[in-house]
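For reference, the chains in residue letters:
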Amino acid sequence: MDFNMKKLASDAGVFFTRAVQFTEEKLGQAEKTELDAHFENLLARADNTKNWTEKILRQTEVLLQPNPSLSGLPGARVEEFLYEKLDRKVPSRVTNGELLAQYMTEAANDFGQGTPYGKTLIKVGETQRRLGGAERDFIHSASINFLSPLRNFLEGDWRTISKERRILQNRRLDLDACKARLKKAKAAEAKAAAVPDFNETRPRNYILSASASALWSDEVEKAEHELRMAQTEFDRQAEVTRLLLEGISSTHVNHLRCLHEFAEAQATYYAQCYQYMLDLQKQLGRLPGTFVGNVESTSPPPATASPPALAAATGPTVPTIPVVPTVVGAPNSAPAVESLNPTDVKPPASGTRKARVLYDYQAADSSELALLADEMITVYSLPGMDPDWLIGERGNQKGKVPVTYLELLS
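For every chain, the first residue of the written sequence is number 1, and numbering continues from 1 along that sequence. In keeping with the predicted nature of the model, local features appear solely for residues at pLDDT of at least 70, side-chain atom pairs appear and are counted solely at 80 or more, and the whole-chain, interface and lining totals rest on all residues. Note that water and hydrogens are dropped before the side-chain values are worked out from all heavy atoms of the structure.

Student: Quick question: what am I supposed to make of the sheet that holds strand β4 (residues 397–402) here?
Tutor: In a beta sheet, neighbouring strands pair by backbone hydrogen bonds and run either parallel or antiparallel. Any two strands are treated as partners once DSSP identifies two or more bridges connecting them. Strands are runs of DSSP state E lasting at least two residues, helices are runs of H or I lasting at least four, and both sets are numbered from the N terminus onward. On the basis of which strands lie adjacent, the open sheet formed by five strands has the order β4-β3-β2-β1-β5 and antiparallel pairing. In the strand order of this sheet, the two ends are held by β4 and β5 (406–408), each with one partner. Neighbouring strand axes in the sheet, compared pairwise and without regard to direction, differ in orientation by 40 degrees on average. Direction of pairing for strand β1 (residues 353–357) relative to strand β2 (residues 376–380): antiparallel, over a ladder of four bridges. Axis definition: a line fit to C-alpha positions, over the contact stretch in the case of helices; interaxial angles, taken between N-to-C directions, run 0 to 180 degrees.

Put into structure tokens, the structure is as follows:
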């Protein structure tokens with residue numbers, strides 16, 4: 001293999017000169033060209049941008065994937081990193097919510113989908129699947145709209161800035177080395193150009209002194225030429241680096257837009273989760289054996305029990321509560337509806353419970369009881385009553401209340 005020895009020696013000489021200049025600067029034995037205050041501020045802002053971008057990027061990855069696992073083994077982030085480096089699409093992976101939904105569905109099949117526990121497992125599992133899907137969409141959106149721009153800045157723009165800053169540092173060391181060389185040459189020239197002693201009895205010494213002065217003059221001219229070239233290279237590189245550093249402002253604007261998109265995606269995700277859980281709460285309230293079934297099981301009505309006796313109506317405008325008796329053997333037939341005066345409804349001897357109201361509820365008609373969040377009421381069920389409703393009492397007030405708005409207490 002052929003080597004350009006001349007270039008290799010030149011590069012080694014430049015490296016040695018820079019190392020000497022850098023060491024002397026650290027020891028305080030050489031002067032250093034200082035950058036202007038504006039340039040120093042640009043450098044500080046760029047460093048802060050890089051450092052905080054790295055921290056925000058790492059913590060966002062932890063937020064989106066707090067416990068990375070791949071088939072039960074740590075390494076999901078390592079796998080994603082490898083796929084990114086190979087420029088291949090990361091395969092779809094089930095979320096924790098979707099995995100939980102799968103387990104719940106399998107458990108329901110094992111316990112029996114017709115049992116109260118099996119039905120509840122299916123409902124909760126379906127909600128977990130929807131939550132897992134919403135989480136997947138949020139992670140995908142955050143990765144594209146927030147993480148990717150931050151990572152692109154660190155792996156693209158910041159690497160370019162770092163490279164140009166290193167070049168600028170080398171140009172500055174070369175410039176300061178040229179300044180030091182010129183300073184030494186001028187000092188030697190001045191010493192050699194001192195007025196010679198014309199009474200010198202040895203003319204040879206006079207000739208040598210004049211020759212040395214001429215040599216140092218040539219050295220000064222050469223050092224000045226190198227200094228001008230080094231100054232030009234330094235100024236050019238400083239301008240390139242300055243333009244790149246000023247581009248950090250555009251980076252901040254881009255990251256600001258990405259931050260808005262991240263917050264919007266997160267708000268959408270949490271809103272979906274909230275709605276899914278509200279739907280699940282309503283569904284659980286309608287399932288037998290969850291809320292109403294527990295109330296009725298504390299005091300099961302006798303088989304021959306009939307609805308309470310109806311009181312005589314005092315007028316055509318008396319509010320009534322519909323009571324739907326259960327018709328055995330005809331689940332799809334239209335049940336008979338009897339009217340009941342809410343003032344004449346008597347609570348059962350046992351089976352009443354206390355309940356805390358979860359949300360405000362506006363009564364649809366006079367047969368219902370309006371509710372205020374966090375208040376405590378007494379509730380109970382009547383035979384044949386719609387399982388989605390209970391009879392609620394608050395002092396002298398009485399009426400139907402929806403189960404999904406209540407937290408039943410023991």
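Moving on from the coordinates now.
Student: Explain unusual backbone geometry to me, please; I cannot follow it from the model alone.
Tutor: Most peptide bonds adopt trans geometry, and most residues besides glycine take a negative phi value. A positive phi angle, near 75 degrees, is found at aspartate 374, a position not held by glycine. When you line up the elements, aspartate 374 lands in the loop between β1 and β2.

Student: Where do I start with the pattern of salt bridges in this structure?
Tutor: Where charged atoms from two side chains of opposite charge come close, those side chains can pair. The working definition used for a salt bridge is a side-chain nitrogen of Lys or Arg within 4 Å of a carboxyl oxygen of Asp or Glu. Across all of its chains, the model carries 15 salt bridges by this definition. Residue aspartate 36 is joined to arginine 242 by a salt bridge in which the shortest nitrogen-to-oxygen separation is 3.3 Å. Taken together, the residues span a long stretch of sequence, with aspartate 36 in the loop between α1 (5–26) and α2 (37–64) and arginine 242 in helix α6 (residues 203–246) at a distance of 206 residues. Taking relative accessible area as the criterion, aspartate 36 reaches 35% and is therefore assigned partly exposed. Where glutamate 261 meets arginine 257, a salt bridge forms, and the shortest distance between an N and an O atom there is 3.2 Å. Here arginine 257 and glutamate 261 lie together in helix α7 (residues 248–286), a separation of four residues that amounts to about one turn. Each residue is placed in one exposure class: buried if its accessible area under a 1.4 Å probe, protein chains only, is under 20% of its type's maximum, exposed if it is over 50%, and partly exposed if it falls in between. The class of glutamate 261 is partly exposed, set by a relative accessible area of 26%. Because the salt bridges share partners, they merge into one network encompassing Arg171, Glu233 and Arg236.

Student: Looking at this structure, I do not really get helix α4 (residues 96–111). What am I missing?
Tutor: To estimate how far a helix should reach, multiply one less than its number of residues by 1.5 Å. The first and last C-alpha atoms of α4 sit 22 Å apart over 16 residues, in line with the 22 Å expected at 1.5 Å per residue. Lining the buried residues of α4 we find α5 (116–192). Within two residues after α4, glycine 112 carries a phi angle of roughly 110 degrees, on the positive side. Two residues form a contact once any of their heavy atoms are found within 4.5 Å.

Student: Would you explain the environment of phenylalanine 22 in this entry?
Tutor: Along the chain, phenylalanine 22 turns up in helix α1. Counting along the chain gives 148 residues from phenylalanine 22 to asparagine 170, while the straight-line C-alpha distance between them is 9.7 Å. Filtering out sequence-adjacent residues up to four positions away, phenylalanine 22 remains in contact with Gln169 and Leu173.

Student: Help me understand the confidence of the model for the protein in this model?
Tutor: Detail in the predicted coordinates should be disregarded across regions flagged by low pLDDT. pLDDT expresses how confident the predictor is about each individual residue, on a scale running from 0 to 100. Residues of the protein with pLDDT of at least 70 account for 70%, and the chain-wide mean is 77. Within the protein, the element-level pLDDT minimum falls on helix α8 (residues 292–298), averaging 40, and the maximum on α2, averaging 94. A low-confidence stretch, residues 69–75 (pLDDT under 50), is modelled with nine contacts involving residues beyond four sequence positions or located in other chains. Low pLDDT, under 50, characterises residues 290–340; the predicted model gives this stretch 66 contacts beyond four residues in sequence or across chains.

Student: I would appreciate a short explanation of the pairing of β2 in the present structure.
Tutor: For β2, a buried count of four out of five residues is recorded, marking the element as mostly surrounded by other parts of the structure. Summarising the sheet, β2 and strand β3 (residues 389–394) pair through three bridges and their orientation is antiparallel. Paired with tyrosine 380 across the bridge in β3 is isoleucine 391.

Student: What's the story with the nonpolar core in this structure? I'm lost.
Tutor: What tends to happen in soluble globular proteins is that the nonpolar side chains get buried as a cluster. By size, the foremost hydrophobic cluster in this structure holds 36 residues, and its most contacted members are Phe138, Phe146 and Leu245. Looking at this core, the elements with two or more residues in it are α2, α5, α6 and α7. The biggest single contributor to this core is α5, with 16 residues. When residues no more than four places from it in sequence are discounted, the contact partners of phenylalanine 146 are Ile56, Thr60, Ser141, Cys258, Leu259 and Phe262. Residue types Ala, Val, Leu, Ile, Met, Phe, Trp, Tyr and Cys, when buried and joined through side-chain atoms within 4.5 Å, form a set referred to as a nonpolar core.

Student: Help me understand the packing of aromatic side chains in this model?
Tutor: To describe a pair of aromatic rings, you give the distance between the ring centres and the angle between the ring planes. A pair of aromatic rings is counted whenever rings of Phe, Tyr or Trp (Trp by its six-membered ring) have centres within 6.5 Å, and the orientation is called stacked for planes under 30 degrees apart, edge-to-face for over 60 and tilted otherwise. Under the defined criterion, the tally for this structure stands at eight aromatic pairs. Between phenylalanine 146 and phenylalanine 262, the ring centres sit 4.8 Å apart and the planes meet at 25 degrees, which makes this aromatic pair stacked. Placement of the pair is phenylalanine 146 in helix α5 and phenylalanine 262 in helix α7, with a sequence separation of 116 residues. Overall, the relative accessible area of 10% leaves phenylalanine 262 in the buried class. With a centroid separation of 5.2 Å and an interplanar angle of 40 degrees, the aromatic rings of tyrosine 269 and tyrosine 270 are classed as tilted.

Student: It is not clear to me how the packing of α2 against α7 should be interpreted in this structure. Could you clarify?
Tutor: In helix packing, the relevant descriptors are the interaxial angle and the interaxial distance, both defined with respect to the helix axes. The N-to-C vectors of α2 and α7 enclose an angle of 20 degrees; their axes lie 12 Å apart at closest approach. With respect to each other, α2 and α7 are oriented roughly parallel. Both α2 and α7 take part in a crossing whose hand is left-handed. For the pair formed by α2 and α7, the contact residues are Arg45, Ala46, Thr49, Thr53, Thr60 and Leu63 on the first element and Ile248, Ser249, His252, His255, Phe262 and Gln266 on the second. In terms of residue class, the contact of α2 with α7 is made up of four nonpolar, seven polar and one charged. Should an angle lie under 35 degrees it is considered roughly parallel, over 145 roughly antiparallel, and from 65 to 115 roughly perpendicular; all remaining angles are considered oblique. The handedness criterion is simple: a crossing whose near helix is rotated anticlockwise from the far helix by less than a right angle is left-handed, and one whose near helix is rotated clockwise is right-handed. Gly counts as polar in this scheme, as do all residues outside two lists: the nonpolar Ala, Val, Leu, Ile, Met, Phe, Trp, Tyr, Cys and Pro, and the charged Asp, Glu, Lys and Arg.

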